[in-house]
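# An overview of the molecular structure
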Amino acid sequence: MNLTIADVRLTPILVADPPLLNTQGVHQPYTPRLIVEVETADGVTGLGETYGDTKYLEPARPFARKLVGRQVTDLNGLFALADEVAVDRSRVSGQVDVGGLRGVQTADKLRLSVVSGFEVACLDALGKALGLPVHTLLGGKVRDTVEYSAYLFYKWAGHPAGVRAEKDDWGAAVDPAGVVEQARRFKETYGFTSFKLKGGVFPPDEEIAAVRALAEAFPGHPLRLDPNGAWSVETSLRVARELGDVLEYLEDPTLGTAGMAEVAARTRVPLATNMCVTTFAEIKEAFTNDAVQVVLSDHHYWGGLHNTRQLAAICRTFGVGVSMHSNTHLGISLAAMTHVASTVPDLHHACDSHYPWQSEDVLTERLTFEAGKVAVPDGPGLGVELDRTRLAELHRRWLDDDGSLRDRDDAAAMRVAEPGWTAPPVPRW
Ligand SMILES: O=C([O-])C(=O)C[C@H](O)[C@@H](O)C(=O)[O-]
Ligand SMILES: [Mg+2]
């Protein structure tokens, strides 16, 4: 068996995205992703997926060239290799990322997000070559299914008139009744029993009313609210007081570890984050100050599946819960999330996934949710197969784009409907 990497293919694509609202603005009609293929000398191909914006593509290209000639088994070597790749300083500022949704943005984190796509592709190739599923390569699954939560969004019925977009049939959700209706469809279609509402869109009282309406419609179901740091400490505490009896956790109510620690010290509602702990360097301060009770890992941010397991071990050591964050992603990443989640012993919260919002994919067969859970694939590698025709079509869309959609910009999408819109300064309320 020859496990030498003979070829690496990178295919940036644009995938349809509905008009989902967040505190920064609204999703653009198409969003970039990068599909990674690693091919061994024996002709075995492994698949990976990560962010596709220019700032990820730029380092991914030289990184891909460096991989040729190495072994797919050399996963630990990927990090040192990534350090050799230059990251344009203008792309990283050390502060919260441009989109304002993914926490700090450093060159290291950007490199890790690139590495994650290649690590998953190498694991997929290795698994296929050995005839073993990725979860076995990670030490073995401890569960056969992984539970996901319904990711509820305030949304418009459609993208603004005149904007080229794919249609969706979810309708609008801009008030409590719309949010409950969306949740009902999620539950009926996918069987989800936990619900997360993306907040920070409307004044807190409206979002409190939406969560109350969810609690009434779905009694006993775990509920979460995530305004992506849009609230002050005092507003966070007020929301925690008003919703404390129905929330599983509040996610990133306020920005920064110090603010989160202050909120955590004054409420019994657990705080979760995918913003103030998104790198290993941020763990010490957050955990020693008891700023967060649940970390939402994301194998893209953290540098892959092995790093996700290391993060879970650190969380376990500190008695901090672990779950998973999700951005717009396709089936390759959902499969990767499911494999790694299946190996984490104490995963006590349903993971996030945007997947139901993505009507397009590059797989021959989409992954499915049954009773809110994805069955852990047991076939070789990730257990998914690439649809090359679909990949080519979505790549063609990327090639045809004039550049305006190649870098996600929710504020720009909002300006189409509301000229003059800029992402609001935080705290917004
Ligand atoms: O905090 C979160 O869960 C996210 O950042 C997930 C996504 O970025 C979500 O907010 C979005 O896409 O609008
Ligand atoms: Mg979040």
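By the naming in an unreviewed UniProt entry, the protein is glucarate dehydratase, taken from Streptomyces coerulescens. You can read under Cofactor (unreviewed entry) in the UniProt record for the protein the words "Mg(2+)". Its UniProt record, at the heading Catalytic activity (unreviewed entry), says of the protein: "D-glucarate = 5-dehydro-4-deoxy-D-glucarate + H2O".

Another point: the overall build of the protein. Each helix and strand counted, the protein has 14 helices and 14 strands in total. Taking 22 Å as the expected radius of gyration for a compact globule of 429 residues, we find that the protein reaches 20 Å, a close match to that expectation. Principal-axis analysis of the C-alpha atoms places the extent of the protein at approximately 60 × 50 × 45 Å. Taking all 429 residues of the protein together, the buried fraction comes to 60%. Considering only contacts within the protein whose residues lie at least 6 apart along the sequence, 74% involve residues at least 24 apart. For the protein, the exposed area adds up to about 15,800 Å²; of that, 50% sits on carbon and sulfur atoms.

Here we take up the site of ligand 1. Around ligand 1 sit 16 residues, and of these N22, H27, Y151, N274 and N327 come closest. For ligand 1, whose accessible area on its own is 330 Å², the fraction buried by protein is 100%. For the shell around ligand 1, the per-class residue count stands at 3 nonpolar, 8 polar and 5 charged. Both domain 1 (5–131 + 387–400) and domain 2 (136–375) contribute no fewer than three residues apiece to the shell around ligand 1.

What follows deals with the UniProt feature "domain: Mandelate racemase/muconate lactonizing enzyme C-terminal" (unreviewed entry) in the protein. Summarizing the sequence annotation, UniProt attributes the feature "domain: Mandelate racemase/muconate lactonizing enzyme C-terminal" (unreviewed entry) to residues 176–270 in the numbering used throughout. For residues 176–270, the helix share is 53%, the strand share is 14%, and the end-to-end C-alpha distance is 23 Å.

The next point concerns the sheet that holds strand β4 (residues 30–40). Taken together, the 3 strands give an open sheet; going across it, the order is β1-β4-β5, and neighbouring strands pair in antiparallel fashion. The open sheet is flanked by β1 (5–16) and β5 (45–51), the only strands paired with a single partner. Geometrically, the sheet is characterised by an average inter-axis angle of 20° between neighbouring strands, direction not taken into account. The pairing of β1 with β4 spans 11 bridges and is classified as antiparallel.

In this fold, R9 is placed in strand β1. Between the alpha carbons of R9 and A286 there is a distance of 38 Å; along the sequence they are 277 residues apart. Setting aside residues up to four positions removed in sequence, R9 forms contacts with I35, V36, E37, E39, T45 and R388. A polar contact is formed between the side chain of R9 and the side chain of D7, at a distance of 3.1 Å. A polar contact is formed between the side chain of R9 and the side chain of E39, at a distance of 2.9 Å.

This brings us to the packing of helix α11 (residues 305–318) against helix α12 (residues 331–343). Two elements in contact, α11 and α12, have axes separated by 10 Å at closest approach and are oriented at 35°. Considering the relative orientation of α11 and α12, their crossing is right-handed. Across the interface between the two elements, L305, T308 and R309 from α11 touch A336, V340 and T343 from α12. Across the contact of α11 with α12, the residue classes break down as 3 nonpolar, 2 polar and 1 charged.

The subject of this paragraph is the nonpolar core. F63, F118, Y148, L152, L225, L250 and V362 are the most contacted members of the largest nonpolar core, which has 132 residues in total. Of all the elements, helix α3 (residues 107–130) adds the most residues to this core, at 10 residues. Two domains each provide a minimum of three residues to this core, namely domain 1 (5–131 + 387–400) and domain 2 (136–375). In this structure L225 touches L197, G199, E207, V211, W231, V239, L243, L247, Y249, L250 and E251, once residues within four positions along its chain are discounted.

A word on helix α1 (residues 54–67). The terminal C-alpha atoms of α1 lie 20 Å apart, and with 14 residues this matches the ideal 20 Å at 1.5 Å per residue to within 8%. In this fold, the buried residues of α1 make contact with β1, β4, β5, α2 (77–83), α3 and α13 (388–400). G69 sits one or two residues past α1 and shows a positive phi near 100°.

In this section: α12. Here α12 contains 13 residues, and its C-alpha end-to-end distance of 19 Å stays within 8% of the 18 Å for a straight helix at 1.5 Å per residue. In terms of residue burial, α12 counts as a mostly covered element, since 13 of its 13 residues are buried.

The next subject is the coordination of the magnesium ion (ligand 2). Looking at the magnesium ion (ligand 2), the protein donor atoms are D226 (OD), E251 (OE) and N274 (OD1), and they sit 1.9 to 2.2 Å from it. Between consecutive donor residues of the magnesium ion (ligand 2), the sequence gaps follow D-x24-E-x22-N. With E251 in strand β10 (residues 247–251) and N274 in the loop between β11 (271–273) and α9 (283–288), this residue pair connects regions lying 23 residues apart in the sequence. By relative accessible area, which is 0% here, E251 ends up buried.

Next up on the list: the domain arrangement of the protein. Once the domains are mapped, the protein shows domain 1 (5–131 + 387–400) and domain 2 (136–375). On the domain 2 side, the residues contacting the 48 residues of domain 1 number 53 residues. Note on domain 1 versus domain 2: buried area summed over both sides is about 4,100 Å², and carbon and sulfur give 64% of it. Here domain 1 is connected to domain 2 by 3 salt bridges.

What counts as what
All chains use their own residue numbering, which begins from 1 and follows the written sequence. Naming scheme: in the order in which they are written, chains are lettered from A and ligands are numbered from 1. Given that the model is predicted, a residue must reach a pLDDT of at least 70 before its local features are reported, and side-chain atom pairs must reach 80 or more before they are shown or counted; all residues, however, enter totals for whole chains, interfaces and linings. No hydrogens and no water enter the side-chain calculation; it runs on all heavy atoms of the structure. UniProt positions are given in the numbering used here, feature names are shortened, and annotations may be inferred rather than shown by experiment. Strands are runs of DSSP state E lasting at least 2 residues, helices are runs of H or I lasting at least 4, and numbering of each runs from the N terminus. Using C-alpha atoms as the atom set, the radius of gyration is obtained and then compared with a globule rule of 2.2 Å times the number of residues to the power 0.38. Each residue is assigned to one of three classes by its accessible area relative to the maximum for its type, calculated with a 1.4 Å probe on protein chains only: buried under 20%, partly exposed between the two thresholds, exposed over 50%. Here, residues are in contact when the closest pair of their heavy atoms is within 4.5 Å. The protein chains shown are the only cover counted for residues, whose accessible areas, like all others here, come from Shrake-Rupley with a 1.4 Å probe. Neighbouring residues are identified by heavy atoms, a residue being near a molecule or strand if any of them is within 4 Å of it. Polarity classes work like this: nonpolar for Ala, Val, Leu, Ile, Met, Phe, Trp, Tyr, Cys and Pro, charged for Asp, Glu, Lys and Arg, and polar for all others, with Gly in that last group. Note: domain ranges come from an automatic or database domain assignment. Two strands qualify as a pair provided DSSP detects at least 2 bridges between them. Working convention: axes come from line fits to C-alpha atoms, limited for helices to the stretch in contact. Angles between N-to-C directions cover 0 to 180 degrees. N or O atoms within 3.5 Å of each other form a polar contact, as long as, within protein, one can give a hydrogen and the other can take it, and as long as residues adjacent in sequence are counted only when both atoms are side-chain atoms. Each crossing is labelled by how the near helix is turned from the far one, with a counterclockwise turn of less than a right angle marking it left-handed and a clockwise turn marking it right-handed. Each nonpolar core is a collection of buried residues, namely Ala, Val, Leu, Ile, Met, Phe, Trp, Tyr and Cys, held together in the definition by side-chain atoms within 4.5 Å. One less than the number of residues in a helix, times 1.5 Å, gives the span that helix is expected to have. Water is absent from the atoms considered, so a metal site may look incomplete; donors are defined as N, O and S atoms within 2.8 Å of the metal, or 3.2 Å for Na, K and Ca. Defined here as a combined quantity, buried area equals the accessible surface (1.4 Å probe) lost by two parts on assembly, summed across both. We define a salt bridge as a contact between a side-chain nitrogen of Lys or Arg and a carboxyl oxygen of Asp or Glu at a distance within 4 Å.

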